[in-house]
Amino acid sequence: MNVEVTPLPGIGTRQDFLSRGGRRIGVITYRDGRSELIVSRVDDPDTCTASIPLTPDEAGTLASLLGAPQLVAQLQDELDGVHTKQLPLLPGSPYDGRTLGDTALRTRTAVSVVAVVRAGTVHPSPRPDFMLGGGDALITVGTKEGLAKAAEVLAHG
């Protein structure tokens, strides 16, 4: 997909792409760190119909919502015989507020946690002392059976 980057002198940059439906979808990143999600009109891709200001936390969360599932799908497509899955750690899980090491996922299920996504921030290669929290998404790699067992462990202990 072709992403166009347009400098906005004194403001920041605009990065957008043309969707299959004919709309420009993009982000304006301001020099002060703010960002804005923008969507164009269908009949005029140069005219903005929606502009949504985003805080850094909101931008990160949106990126996580859009990016983490894509990353998992891409890894799964690219690596023959290796399966990946985004496993949620729901609030109230036995491991909410405990360390990744406490789960013993690798020992119990032969599944590796390659990243944890929390509130839009990706924490790659988390160590055993990484504190988990309800709402985290664990990006995992393993067999189909191991991933199913890991989901069960995270939900029920």
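Scroll up to find the structure this text is about.
For every chain, the first residue of its written sequence is number 1, and the numbers climb from 1 along that sequence. Only residues with pLDDT of at least 70 get local features here, since the model is predicted, and only at 80 or more are side-chain atom pairs given and counted; chain-wide, interface and lining totals rely on the full set of residues. As a rule here, side-chain values come from all non-hydrogen atoms in the structure, and water together with hydrogens is ignored.

1. Side note on the overall build of the protein
In plain terms, the rule: Secondary structure elements are taken from DSSP: a helix is a run of H or I of four residues or more, a strand is a run of E of two residues or more, and numbering for both begins at the N terminus. Each residue's exposure class comes from its accessible area (1.4 Å probe, protein chains only) as a fraction of the maximum for that residue type: buried when under 20%, exposed when over 50%, partly exposed otherwise.
A count of helical and extended segments in the protein gives four helices and nine strands. Helices (α) and strands (β) of the protein occur, in sequence order from the N terminus, as β-β-β-β-β-α-β-α-α-β-β-β-α. When the 157 residues of the protein are sorted by exposure, 29% land in the buried category.

2. Brief notes about the nonpolar core
A general trend in soluble globular proteins is that nonpolar side chains are found buried together. Operational definition: For the purposes of this section, nonpolar cores are sets of buried Ala, Val, Leu, Ile, Met, Phe, Trp, Tyr and Cys residues that join through side-chain atoms within 4.5 Å. Any two residues whose heavy atoms approach within 4.5 Å are treated as being in contact.
L105, L132, L138 and L154 are the most contacted members of the largest nonpolar core, which totals 15 residues. Of all the secondary-structure elements, those providing two or more residues to this core are β6 (83-89), β7 (112-118) and α4 (144-156). Of all the elements, α4 adds the most residues to this core, at four residues. For L154, the residues in contact, after removing those within four places along its chain, are L87, P88, L89, S93, P94, Y95, T103, L105 and L138.

3. Observations regarding the pairing of β7
Under the convention used in this document: Here, any two strands with at least 2 DSSP bridges between them count as paired.
With five bridges joining them, β7 and strand β9 (residues 136-142) adopt antiparallel strand pairing. Directly across from V116, in β9, lies its bridge partner L138. Connecting β7 to the next strand, strand β8 (residues 121-124), in antiparallel fashion are two residues, including A119 with a positive phi near 50°.

4. So, α4
Because the α-helix completes a turn every 3.6 residues, residues three or four places apart line up on one side. So the rule is basically this: Here the expected length of a helix is defined as 1.5 Å per residue gap, with one fewer gap than residues. This arc describes the spread of directions from the helix axis toward the C-beta atoms.
The terminal C-alpha atoms of α4, which comprises 13 residues, lie 18 Å apart, in line with the 18 Å expected from a rise of 1.5 Å per residue. Restricting attention to buried positions, one finds in α4 the residues G146, L147, A150, V153 and L154. Across the axial projection of α4, the buried residues extend over an arc of 120°, all falling on one side. Opposite its buried face, α4 presents the exposed residues K144, E145 and H156, each directed more than 90 degrees away. Positive phi shows up at G157, right after α4, with a value of about 95°.

5. What about unusual backbone geometry?
The backbone of A104 shows a phi angle near 55°, a positive value even though the residue is not glycine. When you line up the elements, A104 lands in the loop between α2 (100-103) and α3 (105-109). Located in the positive-phi region is A110, a residue other than glycine, with phi close to 65°. For A110, the location among the structural elements is in the loop between α3 and β7.

6. Concerning the sheet that holds β6
Which entries qualify depends on this criterion: Comment: axis = line fitted to C-alpha atoms, over the contacting stretch for helices; angle = value between 0 and 180 degrees taken between N-to-C directions.
As summarised here, the arrangement of the four strands in space is β6-β9-β7-β8, forming an open sheet in which the pairing is antiparallel. Every other strand in the sheet has two partners, leaving β6 and β8 as the edge strands with one partner each. Neighbour to neighbour, the strand axes of the sheet diverge by 25° on average, direction disregarded. Set on the sheet, α4 makes contact with β6 and β9; between it and β6 the angle comes to about 5°.

7. A short note on the packing of aromatic side chains
Convention followed: Two aromatic rings from Phe, Tyr or Trp, using only the six-membered ring of Trp, form a pair when their centres are within 6.5 Å; if the ring planes differ by under 30 degrees the pair is stacked, by over 60 it is edge-to-face, and anything between is tilted. In this scheme, the term charge over a ring applies when either NZ of a lysine or CZ of an arginine sits within 6 Å of the ring centre and within 35 degrees of the ring normal.
For the structure shown, the criterion picks out zero aromatic pairs. The ring of Y30 is capped by R34, whose NZ or CZ atom sits 4.2 Å from the centre of that ring.

8. A closer look at the environment of R127
With respect to the helices, strands and loops of the structure, R127 is situated in the loop between β8 and β9. Overall, the relative accessible area of 59% leaves R127 in the exposed class. In this structure the C-alpha to C-alpha distance between R127 and L100, which are 27 residues apart in sequence, comes to 7.3 Å.

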